[in-house]
Every structure is written in structure tokens, then in C-alpha cells.
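The primary structure of each chain is shown beneath.
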Amino acid sequence: MRYATRILLCIVSAMTFACGDSSPSSPTSNPSAPIPWSPYVGIHTTGEATLGYDAALEKLVAAGALQGARVGVDQTGQALPYVSRYASHGIELVGIVDNVDLFGQDIEGVMDNVLSRYYPMITTYQLGNELSTIISRLQPQLPNEAYMDRLRRAYLHIKDTHPDVTLITYSTIGAGNKGSQDLQELVRLGLRDIPPSRLIIGMNVYTDVALREQAAVRNRHLRNYRVWVLETGISNPGQHIGHVQEFYPRIRSELAAERIYWYVLWGGDGPPDVGFSLITRPQTANFIPSPLFTALTGGGQ
Amino acid sequence: MRTKLALALLAITLAPAFAWSHDEKKDKPHGPNSFLVVFSHSRGSILEGTDFRISGFGLEYEDRWAGRLLGLSGYSLGARKDDLYVDNSGYSLNAKFFTSIGLAKRTSLSLGAGAEWSIPSRSYSASRYDYDSKGNLESWERTFPKPNAWAPHGSHANSTLNPMFEVRVTRSVGRFPLFVGAQARPMFFGTDTYTARTNSFTRTDERKWVFSVVAGFGVSH
């Protein structure tokens, strides 16, 4: 029996060792296979890329490859002209209320300001993004306790005045275990007090472990909620198509995610996000398409 | 990651040999012990229209007692890796007791029962979406192995503990047992359905039997 115990210890150690994180880092595309695309992308709201965005959105919509986008919204309405321009292409928008706007105590005022500018053009609002991880550790943090307070109050504030508005939780980080731990903590703090008819669970999913772990939390605690994956992607344009072919079906089968938003239409022309971009150099209408963009639009430019 | 996986499999493979080298020096007061390599394959469908096919590779330590205890002939401890190309799911540990009946010289039939603790293969999970003619989502349906046990890392929420049953025919050729058999696991699956028109959910939980065929070989002493 003692030898059996030793063997089992070896086996358990080996299995734990093997259970590391991994991104689908080397997806190989199959040119003849279909691209199981989900017609949603993230768009960085900026005036700099208006011409390129217009041209790209027109092509994607014409090809049937775009039905919606996730964009940043603000309290002052500075982004409104750009966001309205994206909406003019006939796509449905999700507005992200910036992390910074969640720090103040007056979340009711924040929601009033945002809704007064963007509603009813936008009826789905995400409160924050990767809140527990995206802010530098040197800066003040917003703990999940405080976040749940803001989310609950935002819901109570809009539930009767805007019955057609749906909220989305902040997207948990899409690599490693931190995202699933945050999600579990939100559940512990009362996430399920908000009815599933008015709340969608937001997730970012870039790696296999993040997918497995967030699916586990969904399976155990959040079965009655819809899930939208608000970010996925890969930083090598040559692997974009392979990522969609390989990873999108798994996101669907394991999470039943209704929507998967590609990160990102344009992440800037330099590091760190240029490689994720569907297009580069969007300052003019003659942007440079990625292989995925070309495949989705049946020929690109 | 593939290197880590390969090293892990190597460690698993070498573990019995490591233990055995010490074991050989001892007197053996009971029946034969065996180290077995087990190949398994299962297929089926939990959600209509979606199939799973799962192949696995495992190692087992089998301890046969000299006599019977409460009608049992021995116990086995095992580990299995399903979906060898996936490195973060499809791991399981199992323990079972069995009873053996002699069928012929050097051939026996074993009936076993035990439990299996696993991070189940992701191949069990499946979803199905229905869209209207304009491409708007009408409903989705999803199924997944329902987590019911603690896991050693991550969210600690992604593992399952299920009973398992096995029938196995073993023929020994000298010190080398060869076997074929079948396993059955009544696994707990959750199935959720969302209907967009009514913005409503239904959920059901039920045990479904998952069957697999197994075959393998080993060495006894």
C-alpha cells in the first residue's frame, strides 16, 4: 500500500505540473475550413481613425461579418460623435462605462450622465473592464466589494426608469485563474441578487485555463445568466484565423457564450496591441487589413 | 507547454518503475501486484446533435490479495489522461475494489466498483444555438459535467467525483497480464436552455451513463 501511495503522489504531482496555463498560442489556420466567426468586435473610440473605421465597418457590415461592437462611453459626451458614427453603420453597440467613473460614490449620477447622452442609441452598458487587474498596482484600486456596491446601485437606479437597459459585469481578465476568482468573489458578494433578465456576465477569454476556470464558475454558480465574451484574440495577425477556427468553437461549447467580441478593430499602430488589430493605419480610408479581415470580407480592400 | 506535458507523462510512466525497484526487495505476503497500462475510448451524446469521442491513456496499480476479504479479491489505484492533446483538462484519479472469478486457466473475469475524481474532458461540454432566418438568436442549449468536488487549483470548482463500475477479462501470459473490458460511469450533467423571446432559462440536472471500452497490458510480480 505504501508503494501505491508513493505512485499516486508521483502521479498527482505530475498532473498538477501539467495543469499550467496555456494560450492557444500556435493555432494553425486551415484555409479550406470555415471561419466560425461571431460578428462582434471591440472598437477603441477615437477620432483619429474615423476614415479608416468608416471604410472598415462598411466592408464588414456589407460582408455580413459585423452586427455589433463594444465601445467606450463617457459622462461628458465627448465620444458621442464617434460612437454615433459607428452606430450609423447599423450595428448594435455595447457601451463600456470607464473604470475611472466607478471610483466615485455617485454611481447614480454617472448612470444619469451616460444614459442622457447615449440612450437609447445604446441599451446595453458594461460597468468597467478587467477592473481588478488593468489598473496599475501603484494606483488606487477598486475592490470587488466596492464594485458590487456600484453595480447593485446602478441596477436599482435604472431598473424602473430604463426597463430596456441591460447591464454587463466588468469583464474578468482572460488569462490564468484571476478572472474566475474575481467572478467567484462577485458571486459571493451578491451578484445573483441582480436578476438574469437584466444582467449579462462579461468575460475576457484569451487562454485555455481562463476558459476552463471561468466555465467552471459559470457551471457551478451562474447557470441562469447569459455570458458574453467581450474580448478574445491573439497578437500575431498570422494566427488570427487559426484562433477563430480553433478557439471560438470551444468558447461556444464550454461557455455557451452568445457573443464573442474580437479584440480589436484597431489597437493602435504600435505595441502592445497592434498585433491584435483587424486593421492598421486607419488614419485614411486606405487602411491595411489583417488576414482575418481579408478573409471575413472576402477580399479586403 | 507540450514539453511540460511530455515531462509529466514521462514522470507518470516512470513512477511505477521507481516504486517497484524498492518493492522487489521485500517479501510478498499476498497475491500478485500488477502495474498496468490502460487505453480507453468512449463515445456518446449528452446533448442531441452533439457527440463526444474521448480517448485516454492511463496507468494502474492493482493489488490482488492472497485470499478474499468480504468477497473482494483486491483493489486498484489508477490515473488516466483523456484527450492527450489537451493539457488542462481530462485528468482523473480512480480507486476501485474488485472481485475476480476464474474462467479458465490463467483467465479471469473481474467485476469492480469504485470512484473517480476528475477534471473532466472538455469534450463532454457542448452547446447548440438556434437562430431565426435573419440570424437573430432564438435560443441556446448547453450541457456540461456538473462540478461537484474540490479541485486542487484555480477556482477549486472544476472537478467531479463520480462512481465507476468495470468489468474486465484478464489473461495472463507468464508475468504479463492482458485485458479487455468496459467501464461505466453515472456522471452528473447539467443542461441549461435559454429562450431569447421570453428571456428565460430552464435547467435540468441528471445522471447519465457514460460507457467506455478499455484494453491494456502490464506486468505482475
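Please read these numbers as outputs of a predicted model, since none were measured by experiment.

Student: For this particular structure, what's the right way to read the overall build of chain B?
Tutor: Tallying secondary structure elements over chain B gives 1 helix and 10 strands in all. Reading the secondary structure of chain B in the N-to-C direction produces α-β-β-β-β-β-β-β-β-β-β. For chain B, buried positions account for 50% of its 221 residues. Considering only contacts within chain B whose residues lie at least 6 apart along the sequence, 58% involve residues at least 24 apart. Carbon together with sulfur atoms contributes 61% to the accessible area of chain B, which is approximately 10,700 Å² in total.

Student: Just checking my understanding: could you explain the overall build of chain A for this structure?
Tutor: Regarding its fold elements, chain A presents 9 helices and 10 strands. Evaluated residue by residue, chain A yields a buried proportion of 59% over its 301 residues. A separation of at least 24 residues holds for 79% of the contacts in chain A among residues at least 6 apart in sequence. Accessible surface, chain A as shown: approximately 11,100 Å² in total, 54% of it carbon and sulfur.

Student: Could you clarify how one ought to interpret the nonpolar core in this entry?
Tutor: Soluble, globular proteins show a tendency: their nonpolar side chains are buried together. Residue and element names in this part refer to chain A. Grouped together as the largest cluster of nonpolar side chains are 79 residues, with contacts concentrated most on Trp 37 and Leu 167. The element best represented in this core is helix α5 (residues 144-158), accounting for 7 residues. Filtering out sequence-adjacent residues up to four positions away, Leu 167 remains in contact with Met 111, Tyr 125, Leu 127, Leu 151, Ala 154, Tyr 155, Ile 158, Arg 198, Leu 199 and Ile 200.

Student: Even after reading the chapter, I still don't get a nonpolar patch on the surface, so can you show me in this structure?
Tutor: All names here are of chain B. The grouping of Phe 39, Val 173, Phe 176, Leu 178 and Phe 217 at the surface amounts to a nonpolar patch, some 480 Å² of accessible area in total. Checked against the element boundaries, Leu 178 lands in strand β9 (residues 176-195). Here Leu 178 falls in the partly exposed class, since its relative accessible area comes to 42%.

Student: Would you explain the packing of helix α2 (residues 50-62) of chain A against helix α3 (residues 80-87) of chain A in this entry?
Tutor: The packing of two helices is summarised by the inter-axis angle and the distance between the axes. Residues and elements named next belong to chain A. Between α2 and α3, the least distance of the axes is 10 Å, while the angle of their chain directions is 20°. Viewed along their axes, α2 and α3 adopt a mutual orientation that is roughly parallel. When the axes of α2 and α3 are compared, the crossing they make is right-handed. When α2 is examined against α3, the residues Thr 50, Tyr 53, Asp 54 and Leu 57 are found in contact with a partner set consisting of Tyr 82, Arg 85 and Tyr 86. Each residue belonging to the contact of α2 with α3 can be placed in one class, and the counts come to 4 nonpolar, 1 polar and 2 charged.

Student: What should I look at first to understand the pattern of salt bridges in this one?
Tutor: Any two side chains of opposite charge can pair, given that their charged atoms come close. In total, this model carries 29 salt bridges over all chains according to the counting rule given. Residue Asp208(A) pairs with Arg250(A) through a salt bridge whose shortest N-O separation is 2.1 Å. Here Asp208(A) is found in helix α7 (residues 208-221), whereas its partner Arg250(A) is found in helix α8 (residues 240-255), with 42 residues between them in sequence. Residue Asp208(A) is classed as buried on the basis of its relative accessible area, which comes to 10%. For Arg250(A), a relative accessible area of 11% puts it in the buried group. The closest approach of N and O atoms between Lys96(B) and Glu60(B), which form a salt bridge, is 3.3 Å. Of the two residues, Lys96(B) is situated in strand β4 (residues 91-104) and Glu60(B) in strand β2 (residues 52-69); the sequence distance between them amounts to 36 residues. For the pair Lys96(B) and Glu60(B), a shared accessibility class is recorded, and that class is buried.

Student: Help me out: how do you make sense of the sheet that holds strand β2 (residues 68-73) of chain A in this one?
Tutor: Either a parallel or an antiparallel arrangement is found when strands of a sheet pair, and the pairing is made through backbone hydrogen bonds. Residue and element names in this part refer to chain A. Strand order in the closed barrel made by the 8 strands is β1-β2-β3-β4-β5-β6-β7-β8, with parallel pairing throughout. On average, adjacent strands in this sheet sit at an angle of 30° to one another, irrespective of strand direction. One ladder, built from 3 bridges, connects strand β4 (residues 124-127) with strand β5 (residues 166-168); its direction is parallel. Each bridged residue has a counterpart across the sheet, and for Thr 124 the counterpart in β5 is Thr 166.

Student: Where do I start with the packing of aromatic side chains in this structure?
Tutor: For any pair of aromatic rings, the description consists of the separation of the ring centres together with the inter-plane angle of the planes. The full count for this structure, using the stated rule, is 23 aromatic pairs over all chains. With 5.1 Å between their ring centres and 40° between their planes, Tyr40(A) and Tyr261(A) make a pair best called tilted. With Tyr40(A) in strand β1 (residues 40-42) and Tyr261(A) in strand β8 (residues 259-262), the pair connects residues that are 221 residues apart, well separated along the chain. Each member of the pair, Tyr40(A) as well as Tyr261(A), carries the same accessibility label: buried. When the ring of Phe287(A) is compared with that of Phe293(A), the centres are 5.2 Å apart and the planes differ by 80°; the resulting orientation is edge-to-face. Through a chain of ring-to-ring contacts, three or more aromatic side chains come together here, namely Phe35(B), Tyr61(B), Trp65(B), Tyr75(B) and Phe97(B). One cation-aromatic arrangement involves Lys81(B) over Tyr91(B); the distance from NZ or CZ to the ring centre is 4.7 Å. The side chain of Lys146(B) reaches across the aromatic face of Phe188(B), ending 5.6 Å from its centre.

Student: Mind showing me how you'd approach helix α4 (residues 107-118) of chain A here?
Tutor: A turn of α-helix holds 3.6 residues, and therefore any two residues three or four places apart point the same way. All names here are of chain A. With 12 residues, α4 should cover 16 Å at 1.5 Å per step; its first-to-last C-alpha distance of 16 Å lies within 8% of that length. Residues of α4 that are buried include every one of Ile 107, Gly 109, Val 110, Met 111, Val 114, Leu 115 and Tyr 118, and no others. Where α4 is buried, its residues contact β2, α3, β3 (92-97), β4, α5 and β5.

Student: Would you mind going over the confidence of the model for chain B with me for this structure?
Tutor: Predicted coordinates in regions of low pLDDT should not be interpreted in detail. Here chain B averages 87 in pLDDT, and 85% of its residues register 70 or above. Confidence metrics for the complex model read pTM 0.85 and ipTM 0.83.

Student: Help me understand the pairing of β4(A) in this model?
Tutor: Successive residues of a regular strand alternate their side chains across the two faces of the sheet. Residues Thr124(A) and Gln126(A) point to one face of β4(A) and Tyr125(A) and Leu127(A) to the other, with burial holding for every one of them. Handedness of the crossover joining β3(A) and β4(A) through α4(A): right-handed.

Student: How do you make sense of the packing of α5(A) against helix α6 (residues 178-188) of chain A when you look at a structure like this?
Tutor: Residue and element names in this part refer to chain A. Between α5 and α6, whose axes approach to 10 Å, the crossing angle comes to 55°. As far as their axial angle goes, α6 and α5 are oblique. The crossing of α5 and α6 is right-handed. When α5 is examined against α6, the residues Asn 144, Glu 145, Tyr 147 and Met 148 are found in contact with a partner set consisting of Asp 182, Glu 185, Leu 186 and Arg 188. Along the lines of polarity and charge, the residues of the contact of α5 with α6 split into 3 nonpolar, 1 polar and 4 charged.

Reading the values: rules and limits
- Residues numbered from 1 in each chain as written.
- Chains lettered and ligands numbered in written order.
- Predicted model: local features only at pLDDT ≥ 70, side-chain atom pairs only at ≥ 80, totals over all residues.
- Heavy atoms only, no water.
- Helix = DSSP H or I, 4+ residues; strand = E, 2+ residues; numbered from the N terminus.
- Buried < 20%, exposed > 50% of the residue type's maximum accessible area, 1.4 Å probe, protein only.
- Contact = heavy atoms within 4.5 Å.
- Areas by Shrake-Rupley, 256 points an atom, 1.4 Å probe, with all protein chains shown as cover.
- Core = buried A, V, L, I, M, F, W, Y, C linked by side-chain atoms within 4.5 Å.
- Patch = residues over 30% accessible without salt bridge, like charges linked within 9 Å, V, L, I, M, F, W, Y side chains within 5 Å.
- Salt bridge = Lys/Arg side-chain N within 4 Å of Asp/Glu carboxyl O.
- Axes fitted to C-alpha atoms, helices over the stretch in contact; angles between N-to-C directions.
- Parallel < 35°, antiparallel > 145°, perpendicular 65-115°, else oblique.
- Left-handed = near helix turned anticlockwise from the far one by under 90°.
- Nonpolar A, V, L, I, M, F, W, Y, C, P; charged D, E, K, R; others polar.
- Pairing = 2+ DSSP bridges.
- Phe/Tyr/Trp six-rings, centres within 6.5 Å; stacked < 30°, edge-to-face > 60°.
- Lys NZ or Arg CZ within 6 Å of the ring centre and 35° of its normal.
- Expected span 1.5 Å × (residues − 1).
- pLDDT = per-residue confidence, 0-100.
- Right-handed = clockwise from strand over helix to strand, strands pointing away.

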